[in-house]
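# Architecture and fold: a report
Chain residues, written in single-letter form:
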Amino acid sequence: MRTIRRRVRTHPWLAAGIAIVVLAGAGFGTYFGVRGGDKASAATATTTQTVSTGTIKQSVSATGTLAPASEEELNFTVSGNVTKVSVAEGQKVTKGQALATVDSASLAADVAQAEATVANDQAKVDDDSSNSASDTQVAADNAALTAANNQLASAKSQLAAATLTSPIDGVVASVNLTVGESVSGSSSSSSSGSGSSGSGAGAGAGAGAASSSSSTSSDPQILVISTNSWVVNATVDANSVDLIKKGNQAQLTVTGATATVYGTVSSIGLVSSATSGTASYPVVVDVTGAPTGLHDGANVTATLIYKQLSNVLVIPATALHRNSAGGQYVEQVKNGKTVQTTVKVGLSSGGQTQITSGLVAGDKIVVPQVRLPAGGGAGRSGGSVPSGVQFPGGGQFPGGGQFPGGGQFPRGGVGG
């Protein structure tokens, strides 16, 4: 005892520390005494709800960007000088609309020459039948006529290709042509979808849209994108990709759109990519319809629904309890009394659980709702857990007290 008093005289802050420890003990006794007396106010509140039917869904989340369903990279496939550019970037166009032309005089002459050849060869075939020509002569004249017709078709195709037309309804995304420019006709037009499910609708349709290629080495002379059909290029992590499949419905939150957009999973990639050690798989979602307010490159958060049950009995998951045997029950209200009713459950999602047996629509059940006491779980007078130096479990010295001058117990200890 004398040793303790001597140390107190030598270290006056130790006396303050001992006093605070005593106060802390008193604070703990008061806190836990009050807390014990406040069990009633901290008790779980309940409400009575009527059981009804609803829809329960299970889904995975994905993120991605919006893109046009079709992108048409258009290039002249005939050589010549550009005589007209009829559109500008941002202009809406319709399928079959002329976008640009090259000088077609020589191409028109080729068509005229081919037509003359066809007429001449047809006349020979007609004469063969009236002149009793030999089988050899008839065969030769028919072959010549066939070749002439093929040449005419080719000449007409070349003449048509002198006018670049849009294969789809959409918007001109870029124009890389000027009047007077000479084009070589060595490029070809590329029709493709923006997502892996893109169909390249309209490829080769209309004059000027020649054979498609998978890619072009430079910017297209004119790029047309669809604005009434969209896809979402998204990714799903490795833990979720096996849950979804082609044809699953999707709910899409799109930046710039004022309402929820809907779609369908059209493809799921088999090859993953890794970012920060996490594997993800490409997923393409076809947007349903033509919602307004959509723009290329907009950010999308997708909810991919892989299981959905409609018109089934659902209750809040918090209403379920587990008995000692491991079964589940709810507290059902019957004739003004609360009884335990055993139930069987199905799917659970979004805080709702499907009930497969034990209840019917219209039954009333007790649903717990956790309610904190006044003061956020504090004592009777609204005080909180004593604050300041923390104890195990989160308790603290009253009022946030510290040793004079911010001192601490030597090496974190209490007393000597």
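A tally of helices and strands in the protein yields 6 helices and 22 strands. Looking at the protein as a whole, 32% of its 416 residues qualify as buried. Within the protein, counting contacts between residues at least 6 apart in sequence, those at least 24 apart form 74% of the total. Accessible area of the protein: about 23000 Å², with a carbon and sulfur share of 51%.

What follows deals with unusual backbone geometry. Across residues other than glycine, the phi torsion is negative in most instances, and most of the peptide bonds are trans. Backbone geometry places Asn 311, a non-glycine residue, at a positive phi of 55°. Take Asn 311: it is sitting in strand E17 (residues 299-316).

Positionally, Leu 99 belongs in strand E6 (residues 98-102). Linking Leu 99 and Val 175, residues 76 residues apart in sequence, is a C-alpha distance of 9.7 Å. If near-sequence neighbours (up to four positions away) are discounted, Leu 99 is found in contact with Leu 74, Lys 84, Val 85, Ser 86, Val 87, Val 93, Leu 164, Thr 165, Ser 166, Ile 222 and Val 224.

Attention now moves to helix H5 (residues 135-160). Between its first and last C-alpha, H5 extends 38 Å over 26 residues, near the 38 Å set by a 1.5 Å rise per residue. Of the residues making up H5, those classed as buried are Asp 141, Leu 145, Ala 148, Leu 152 and Ala 155. Buried residues belonging to H5 abut helix H4 (105-130).

With that settled, the discussion passes to H4. Over its 26 residues, H4 runs 39 Å from end to end, which matches the ideal 38 Å to within 8%, given 1.5 Å per residue. Buried residues of H4: Leu 107, Val 111, Ala 114, Val 118, Asp 121, Val 125 and Asp 128, and no others. Where H4 is buried, its residues touch H5. Ser 132 occupies a position one or two residues after H4 and carries a positive phi of about 55°.

A word on the nonpolar core. In this structure, Leu 66, Val 232, Leu 252, Val 254, Val 285, Val 287 and Leu 304 are the most contacted members of the largest nonpolar core, which totals 23 residues. Elements supplying a minimum of two residues to this core: strand E2 (52-68), strand E12 (230-237), strand E13 (249-254), strand E14 (261-268), strand E16 (278-287) and E17. Residues contacting Val 287, with those up to four places away along its chain left out, are Leu 66, Trp 230, Val 231, Val 232, Leu 252, Val 261, Tyr 262, Gly 263 and Leu 294. Core analysis: the second largest hydrophobic core is formed by 19 residues, Val 87, Leu 107, Ala 162 and Leu 164 among them.

Our next topic: the pairing of strand E20 (residues 337-349). Bridge count for strand E19 (residues 328-334) against E20 is 7 bridges, and the pairing is antiparallel. Within the sheet, the bridge partner assigned to Gln 328 lies in E20 and is Val 343. Direction of pairing for E20 relative to strand E21 (residues 352-357): antiparallel, over a ladder of 4 bridges. Directly across from Lys 344, in E21, lies its bridge partner Ser 357. Connecting E20 to the antiparallel partner E21 that follows it, the hairpin turn spans 2 residues, and Gly 350 within it adopts a positive phi of roughly 60°.

Angle between the axes and distance between the axes: these two values describe a pair of packed helices. With their axes 8 Å apart at the nearest point, H4 and H5 run at an angle of 160° to one another. Viewed along their axes, H4 and H5 adopt a mutual orientation that is roughly antiparallel. Between H4 and H5 lies a crossing whose hand is left-handed. Along the lines of polarity and charge, the residues of the contact of H4 with H5 split into 13 nonpolar, 7 polar and 7 charged.

On average, residues of the protein score 78 in pLDDT, and 70% of them reach the 70 mark or higher. Mean pLDDT values over the elements of the protein span from 42, in helix H2 (residues 12-37), up to 96, in E14. Every residue in residues 196-217 scores below 50 in pLDDT, and together they form 57 contacts with partners more than four places removed in sequence or on other chains. The low-confidence segment residues 376-416 (pLDDT under 50) makes 61 contacts with residues lying over four places distant or belonging to another chain.

On to the sheet that holds E6. Read across the sheet, 4 strands follow the order E7-E6-E4-E9 without closing on themselves; strand pairing throughout is antiparallel. Looking at the sheet topology across the chains shown, the edges are occupied by strand E7 (163-165) and strand E9 (182-183). In this structure, strand E4 (residues 80-85) lies alongside E6, joined through 3 bridges in antiparallel fashion. Note on E6: the bridge partner recorded for Lys 84 is Thr 101.

The sheet contact formed by E2 and E12 spans 6 bridges and is antiparallel. Looking at E12, one finds that Thr 65 is bridged to Asn 233.

This brings us to the side chain of Ser 166. Relative to the helices and strands, Ser 166 is located in the loop between E7 and strand E8 (170-175). Residue classification places Ser 166 among the buried residues on the basis of a relative accessible area of 0%. Contact partners of Ser 166, with chain neighbours within four places excluded, come to Leu 74, Val 93, Thr 94, Lys 95, Gly 96, Gln 97, Leu 99 and Val 224.

What counts as what
- Residues numbered from 1 in each chain as written.
- Predicted model: local features only at pLDDT ≥ 70, side-chain atom pairs only at ≥ 80, totals over all residues.
- Heavy atoms only, no water.
- Helix = DSSP H or I, 4+ residues; strand = E, 2+ residues; numbered from the N terminus.
- Buried < 20%, exposed > 50% of the residue type's maximum accessible area, 1.4 Å probe, protein only.
- Contact = heavy atoms within 4.5 Å.
- Areas by Shrake-Rupley, 256 points an atom, 1.4 Å probe, with all protein chains shown as cover.
- Expected span 1.5 Å × (residues − 1).
- Core = buried A, V, L, I, M, F, W, Y, C linked by side-chain atoms within 4.5 Å.
- Pairing = 2+ DSSP bridges.
- Axes fitted to C-alpha atoms, helices over the stretch in contact; angles between N-to-C directions.
- Parallel < 35°, antiparallel > 145°, perpendicular 65-115°, else oblique.
- Left-handed = near helix turned anticlockwise from the far one by under 90°.
- Nonpolar A, V, L, I, M, F, W, Y, C, P; charged D, E, K, R; others polar.
- pLDDT = per-residue confidence, 0-100.

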